[in-house]
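These are the residues of each chain, in order.
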Amino acid sequence: MRKNKPEFQGRRPSFRRSLVRTACLVFGLLTVRVVALQAFTITSGSMEPTLSAGDFLLVNKAALGSRVPFTDIRIPGYSEPERGEILVFDPPHEDKLTVVKRLVGMPGDTLEMRDKTLYLNGRVLDEPYVMHTEGESGFSAAPMLWQQEILVDGPRENYRPTRDTWGPLVIPDDRYFMLGDNRDASLDSRTWGLLERWRFEGRVIVRYFSYNRDSYRPFPFIREIRWSRIGTRPQ
């Protein structure tokens with residue numbers, strides 16, 4: 001007598017089908033990361049008090065356009081950079097570094113700093129987000145001499161810029177000037193120069209987690225979570 005094989009109520013998905021679904025999921029997540037959103041972690045204090053070490057950010061890459069990895073192809077964005085925004089970008093002085101700063105100078109702007117006060121097109125720029133921690137920096141910074149190229153009225157032999165006093169500079173077309181909010185502890189456009197439009201990676205949209213990264217206590221990412229910062233948008 002021949003026995004019938006047991007019947008199953010449902011059919012288990014085949015290995016091939018599971019593999020396809022997994023591949024589609026991975027591809028979808030990678031696509032989102034490449035063209036839409038990316039996580040970014042703050043590791044220094046150059047943007048304090050706006051951003052602190054231990055802040056975890058989501059960056060909107062679709063807004064300004066994104067680069068396809070391992071190619072020179074860029075996917076166009078739906079907006080342009082605006083003055084005052086906090087942006088993530090690839091700096092000109094380091095190929096493998098990603099940096100976050102504030103955009104303060106747009107193409108055609110005239111920028112000048114006098115004794116730590118920033119002037120935009122001849123007027124003092126209101127910057128409630130700026131922090132100063134040190135006194136006047138009296139030395140002339142050799143890396144800042146690139147500014148000779150865009151000085152108002154041209155290069156000057158007696159031009160001696162410092163961290164806190166420089167300019168006035170005229171920002172050329174398709175160039176941008178970036179500064180850290182912690183002006184006395186930020187490496188930014190004052191030294192490494194202007195930023196091309198294609199270097200922008202995205203716009204900071206939200207802080208999704210934050211903890212005291214500088215704490216000496218064990219497990220600070222659990223014991224020292226900064227709840228008041230989570231879910232806020234840096235301004």
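Please read these numbers as outputs of a predicted model, since none were measured by experiment. (Residues numbered from 1 in each chain as written. Predicted model: local features only at pLDDT ≥ 70, side-chain atom pairs only at ≥ 80, totals over all residues. Heavy atoms only, no water.)

**Student:** Explain the nonpolar core to me, using residue names and the numbers behind them.
**Tutor:** Judged by nonpolar contacts, the single largest core of 17 residues is most densely connected at L111, L118, W166, L169 and F177. Sequence-distant contacts of L111, defined by excluding residues within four places in its chain, comprise V104, G105, L118, Y119, L120, W166, G167, P168, L169, I171 and F177. Within the second largest apolar cluster, 12 residues are counted, among which are A63, L87, L103 and M106. (Core = buried A, V, L, I, M, F, W, Y, C linked by side-chain atoms within 4.5 Å. Buried < 20%, exposed > 50% of the residue type's maximum accessible area, 1.4 Å probe, protein only. Contact = heavy atoms within 4.5 Å.)

**Student:** Now, about the side chain of D181: what can you tell me, with residues and values included?
**Tutor:** You can see D181 is positioned in the loop between β11 (175–179) and α2 (189–192). For D181, a relative accessible area of 0% corresponds to the buried category. A distance of 2.8 Å separates polar atoms of two side chains, one belonging to D181 and the other to R102. Ignoring anything within four residues of it in the chain, the contact list for D181 reads S46, M47, E48, T50, R102, Y129, V130 and M131. (Helix = DSSP H or I, 4+ residues; strand = E, 2+ residues; numbered from the N terminus. Polar contact = N/O pair within 3.5 Å; in protein donor to acceptor, adjacent residues only side chain to side chain.)

**Student:** A description of the sheet that holds strand β5 (residues 86–89) should follow, citing residues and the corresponding values.
**Tutor:** Spatial ordering of the open sheet is given by β1-β2-β13-β5-β6-β11-β12, a layout of seven strands whose pairing is antiparallel. Since the sheet does not close on itself, it has two edges, and those belong to β1 (37–41) and β12 (195–196), each with one partner. The pairing of β1 with strand β2 (residues 55–60) spans five bridges and is antiparallel. Counted as the bridge partner of Q38 is V59 from β2. (Pairing = 2+ DSSP bridges.)

**Student:** So what's going on with the packing of aromatic side chains? Residues and values would help.
**Tutor:** Aromatic rings considered in pairs are described by the distance between their centres and by the relative angle of their planes. Throughout the structure, instances matching the rule amount to 10 aromatic pairs. Taking the centre distance of 6.2 Å and the plane angle of 35° together, the rings of F209 and Y211 count as tilted. We classify F209 as partly exposed; its relative accessible area is 22%. Judged by its relative accessible area of 13%, Y211 falls in the buried class. Chaining the aromatic ring pairs together yields one cluster made of F56, Y208, F209, Y211, F219 and F221. Between R102 and the ring centre of Y129, over which it is positioned, the NZ or CZ distance is 3.6 Å. (Phe/Tyr/Trp six-rings, centres within 6.5 Å; stacked < 30°, edge-to-face > 60°. Lys NZ or Arg CZ within 6 Å of the ring centre and 35° of its normal.)

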